[in-house]
Amino acid sequence: MREAPIGVFDSGVGGLSVLAEIQRLLPNESLLYVADCGHVPYGEKTPEFIRQRCSVMAGFFREQGAKALVLACNTATVAGVADLRRDFPDWPIVGMEPAVKPAAAATRSGVVGVLATTGTLQSAKFAALLDRFATDVRVITQPCPGLVELIESGDLHSAELRQLLQGYVEPLLASSCDTIILGCTHYPFLKPMLKSMIPADISLIDTGAAVARQLQRLLAERDLLAAGPNRSVRFWTSADPAYFKNILPLLGQSAGEVQNFDL
Ligand code: DGL
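These figures come from a predicted structure and were not determined experimentally.

What counts and what doesn't
- Residues numbered from 1 in each chain as written.
- Predicted model: local features only at pLDDT ≥ 70, side-chain atom pairs only at ≥ 80, totals over all residues.
- Heavy atoms only, no water.
- Helix = DSSP H or I, 4+ residues; strand = E, 2+ residues; numbered from the N terminus.
- Rg over C-alpha atoms; globule rule 2.2 N^0.38 Å.
- Buried < 20%, exposed > 50% of the residue type's maximum accessible area, 1.4 Å probe, protein only.
- Contact = heavy atoms within 4.5 Å.
- Areas by Shrake-Rupley, 256 points an atom, 1.4 Å probe, with all protein chains shown as cover.
- Lys, Arg positive; Asp, Glu negative; His and termini not counted.
- Charge placed at Lys NZ, Arg CZ, Asp CG, Glu CD.
- Near = heavy atom within 4 Å.
- Polar contact = N/O pair within 3.5 Å; in protein donor to acceptor, adjacent residues only side chain to side chain.
- Pairing = 2+ DSSP bridges.
- Axes fitted to C-alpha atoms, helices over the stretch in contact; angles between N-to-C directions.
- Right-handed = clockwise from strand over helix to strand, strands pointing away.
- Core = buried A, V, L, I, M, F, W, Y, C linked by side-chain atoms within 4.5 Å.
- Parallel < 35°, antiparallel > 145°, perpendicular 65-115°, else oblique.
- Left-handed = near helix turned anticlockwise from the far one by under 90°.
- Nonpolar A, V, L, I, M, F, W, Y, C, P; charged D, E, K, R; others polar.

Colleague: So, the overall build of the protein chain: which residues are in play, and what are the values?
Modeller: Of the regular secondary structure elements, the protein chain holds 11 helices and 10 strands. In terms of overall size, the protein chain behaves like a compact globule, its C-alpha atoms giving a radius of gyration of 18 Å where 263 residues would be expected to give roughly 18 Å. Each principal axis of the C-alpha distribution contributes one length, and for the protein chain these read about 50 × 40 × 35 Å. In the protein chain, buried positions account for 54% of the 263 residues. Once local pairs closer than 6 in sequence are excluded, the contacts in the protein chain between residues at least 24 apart make up 78%. When the accessible area of the protein chain is evaluated, it comes to approximately 11200 Å², of which 52% is carbon and sulfur surface. Across the protein chain, the 23 positively charged side chains and the 27 negatively charged ones have centroids separated by 5 Å.

Okay, here's the thing in structure tokens:
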């Protein structure tokens, strides 16, 4: 069981930002990554639809013998993690949420910005997160429709992307926030562009590394950490595998085997 793989999924390529953190922290683990590119963006889908996709993914990873599941997607987590934990109570499941708690602790100006999908920002889970951790700070939320689609197309640099992103960042800058939460796993890929738009004293916070640490904790508690150096990663996509294979190196992964996921 220790040598069993870990299942990781996202609506698309965004979860690769989390996969990279898991690879860094847990280099012995073998990983399975499913990109549900045939249904991206999740951010504009209904919670019911996303819950159904979460259940399909979980079924697939169970069949593959995965010892743990990582929802490398904030939008899937707010919609689906509670059902998955109910359905698989003994399976280590790690979800993601926007880094409201660390941002509230870190801000000096008392104003925090959140860039995330519409689905995440409208969820009850996000509202509960604010109630719990952000009562003493002002939180400016900014949904970012269109960003995910551009990142999915391999665009990290175009003028179109810059203009769209600028429009989303401006209200945050106008609010004198000193901390911006990247509340969608696609957005860490925009860090270089974002840094060129914001003053150097504004910090960008995401939760990829924290998710990897939480996964490590859950596996260690159950004595499930892989012992041997069996590092490998296999990819599936519900859109075009050849296209996905080409995009992998742009997003920091060496090209690997990509299969079709048609569930
Ligand atoms: N990467 C996802 C997230 O963390 C969702 C992107 C999308 O499909 O809208 O929220």
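Colleague: So what about the site of the ligand? Which residues, and what values?
Modeller: If you check the shell around the ligand, you find 14 residues, and the closest are Ser11, Tyr42, Gly43, Asn74 and Thr75. Here His186 contributes a side-chain N or O atom positioned 2.8 Å from a nitrogen atom of the ligand. In isolation the ligand offers 300 Å² of accessible surface; the protein chains occlude 99% of this area.

Colleague: Outline the sheet that holds strand β1 (residues 6-10), supporting the account with residue identities and numerical values.
Modeller: Read from one edge of the open sheet, 6 strands run β4-β3-β1-β2-β9-β10, paired in parallel fashion. In the strand order of this sheet, the two ends are held by β4 (93-94) and β10 (258-260), each with one partner. Both β1 and strand β2 (residues 30-35) contribute to a ladder of 5 bridges, which runs parallel. In the sheet register, Gly7 faces β2, and the bridge partner there is Leu32. With respect to the sheet, helix α1 (residues 16-25) is in contact with β1, β2, β3 (68-71) and β9 (232-237), its orientation differing from that of β2 by roughly 175 degrees. Packed on one face of the sheet, helix α2 (residues 47-63) meets β1, β2, β3 and β9 and runs near 155 degrees to β1.

Colleague: I'd like to hear about the pairing of β2, residue by residue, with values.
Modeller: Counting buried positions along β2 gives 6 out of 6 residues, so the element sits mostly inside the fold. Neither face of β2 is open: one carries Ser30, Leu32 and Val34, the other Leu31, Tyr33 and Ala35, and all of them are buried. Crossover handedness for the path β1 to α1 to β2: right-handed. Two strands pair when backbone bridges link them, and β2 and β9 are joined in this way by 6 bridges, in the parallel orientation. By the bridge assignment for β9, Leu32 is matched with Arg234.

Colleague: Before we move on, could you go through the environment of Met197 and cite the residues and values that matter?
Modeller: Its place among the elements puts Met197 in the loop between α9 (191-195) and β8 (203-205). Along the chain, Met197 and Ala209 lie 12 residues apart, while their C-alpha atoms are 24 Å from each other. Those residues in contact with Met197, other than ones at most four positions away along the chain, are Arg162, Leu165, Gln166, Val169 and Leu173.

Colleague: I'd like a rundown of the nonpolar core, residues and numbers included.
Modeller: Formed by 56 residues in total, the largest nonpolar core has its most connected members in Leu16, Val70 and Phe244. Not counting chain neighbours up to four residues away, the residues in contact with Val70 comprise Ile6, Gly7, Val8, Phe9, Val18, Ile22, Val94, Val211 and Leu215. Core analysis: the next-biggest nonpolar cluster, separate from the first, contains 22 residues, Leu32, Met57, Cys73 and Phe261 among them.

Colleague: Provide a residue-level description of the sheet that holds strand β6 (residues 138-143), including the pertinent values.
Modeller: Read from one edge to the other, the open sheet built from 4 strands follows the order β6-β5-β7-β8, with strand pairing classed as parallel. The open sheet is flanked by β6 and β8, the only strands paired with a single partner. Neighbour to neighbour, the strand axes of the sheet diverge by 25 degrees on average, direction disregarded. Pairing between strand β5 (residues 111-116) and strand β7 (residues 179-182): 4 bridges, direction parallel. Bridge pairing links Val114 to Ile181 in β7.

Colleague: Quick one: what's the story with the packing of α2 against helix α3 (residues 74-87), residue by residue and with numbers?
Modeller: Each packed pair of helices is defined by two parameters, the angle between the axes and the distance between the axes. The interhelical angle for the contact between α2 and α3, taken along N-to-C directions, is 60 degrees, at an axis separation of 8 Å. With respect to α3, the element α2 is oriented oblique. Between α2 and α3 lies a crossing of right-handed hand. Residue-level inspection shows Pro47, Ile50, Arg51, Cys54, Ser55 and Ala58 of α2 in contact with α3, the latter providing Thr75, Ala76, Ala79, Gly80, Asp83 and Leu84. Split into classes, the residues belonging to the contact of α2 with α3 amount to 7 nonpolar, 3 polar and 2 charged.

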